[in-house]
Amino acid sequence: MQRTNSGDNHTSYKTGSLIMTSLRDGYVDMPPTRLRRPGNKVFGNELPQQVHLIDGNLRLSVNAFSLDDGVDVTLIDTGASNAWHPSMGLLPHALREANISVDRVQTIAFTHTHIDHINRLILPNGHDAFPQLSRLLVPKEELDMFRAEARLERFHERAEAFEAGQRIGANIEAMAAPGHEVGHTCFRITSGGEAVLVWGDIVHVPSVQFERPEITWEFDRDQEQARASRLRIMALAADNMSYVAGAHLNSPGVGRITRAGTSFRFDPS
Ligand SMILES: [Zn+2]
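What comes next is a walk through the structure.

## Re the sheet that holds strand β15 (residues 216-217)
The 3 strands lie next to each other as β5-β4-β15, forming an open sheet whose pairing is antiparallel. The open sheet is flanked by β5 (41-42) and β15, the only strands paired with a single partner. Relative to β15, strand β4 (residues 35-37) runs antiparallel, the two being bridged by 2 bridges. The residue of β15 that forms the bridge with R36 is T216.

## Brief notes about the packing of aromatic side chains
One pass over the full model with this rule turns up 5 aromatic pairs. Ring geometry for F162 versus F187: centroids 5.6 Å apart, planes at 50 degrees, classification tilted. Taken as a pair, F162 in strand β10 (residues 160-162) and F187 in strand β13 (residues 185-191) lie far apart in primary sequence, 25 residues in all. The two residues F162 and F187 agree in class, both being buried. Both rings, one in F210 and one in F266, keep their centres 5.1 Å apart while their planes meet at 10 degrees; by these two values the pair is stacked.

## Looking at the nonpolar core
If you look at the biggest cluster of nonpolar residues, it comprises 25 residues, and the most contacted ones within it are I108, F110, L121, F130, L136, F146 and F155. Of all the secondary-structure elements, those providing two or more residues to this core are β7 (73-76), α1 (91-97), β8 (105-109), β9 (135-139) and α3 (143-146). Leave out the neighbours within four places in its chain, and F130 touches L75, L91, L95, V102, V105, I108 and R120. Counting 20 residues, the second largest nonpolar core, distinct from the first, contains M20, I76, F187 and V198.

## Observations concerning the pattern of salt bridges
Should their charged atoms come close, side chains of opposite charge can pair. Considering all chains together, one arrives at 13 salt bridges under this definition. In this structure, D68 engages R104 in a salt bridge whose closest nitrogen and oxygen atoms are separated by 2.9 Å. With D68 in strand β6 (residues 58-68) and R104 in the loop between α1 and β8, this pair connects stretches of sequence that are 36 residues apart. Judged by relative accessible area, which is 28%, R104 ranks as partly exposed. As a salt-bridge pair, D128 and R154 come within 2.4 Å of each other at their nearest N and O atoms. A residue pair is termed long-range when its members are at least 10 positions apart, and D128 in the loop between α2 (115-118) and β9 and R154 in the loop between α3 and β10 qualify at 26 residues. Residue classification places D128 among the partly exposed positions, given a relative accessible area of 29%. Salt bridges sharing partners connect three or more residues here, namely R34, R36 and E218.

Criteria and thresholds
- Residues numbered from 1 in each chain as written.
- Predicted model: local features only at pLDDT ≥ 70, side-chain atom pairs only at ≥ 80, totals over all residues.
- Heavy atoms only, no water.
- Pairing = 2+ DSSP bridges.
- Helix = DSSP H or I, 4+ residues; strand = E, 2+ residues; numbered from the N terminus.
- Phe/Tyr/Trp six-rings, centres within 6.5 Å; stacked < 30°, edge-to-face > 60°.
- Buried < 20%, exposed > 50% of the residue type's maximum accessible area, 1.4 Å probe, protein only.
- Core = buried A, V, L, I, M, F, W, Y, C linked by side-chain atoms within 4.5 Å.
- Contact = heavy atoms within 4.5 Å.
- Salt bridge = Lys/Arg side-chain N within 4 Å of Asp/Glu carboxyl O.

Read these as layout, nothing more, since geometry by itself doesn't imply function.
What follows is the structure in structure tokens.
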């Protein structure tokens, strides 16, 4: 997997015959009290030393990923648009910078239906962000949640449920990784003998959760299940030597993961 070009808000990689681009939507700052130890306990003064704070907060990157097979562009997650903090919503700049026309995006698949992943279907001015969109894929377990998002009403009926194990494209397979949300999904992308796992929200705080994967996040719907999924997916990626691409890993959020004793190590690409 090789970097082909990059800018302030995007980094492109060649993987097999595909171009994968990390698109930077921005960041969101969160208090460290959102980190949880087993038993759903918050940290006090014993916050792990390697946790990096900016003005007392954790800073989480918000990334989406596009996959170009030369014909179509598939987008995995879309960023927050103007639905949350103003520190997000850069996806249009990222696409422009990467020279990806919004008219080429025909398929969008969501790792899960939280607002920082789905809202860029609609521009701040209310228009559709992707006028040629023909397939909108939502994890089966979260179709009702998606259809409860009033802001995205015009997409409710168009949304199509997919299941774990399903191939959503010639090079993309959905893998269940529930816990952070009921339908939380990783997408395994393979081409030319290389594999990338676009893993959504398996990690929220990279400075701590590779070294201590048992630590969870307040917004994990099921803390135990999220922990188990993280350990399973990290082991899978490390043992298969696949690259990973994370929605909240520090932008661009793409790299290799290896085992380090009972924990893991991430090396950005
Ligand atoms: Zn997220």
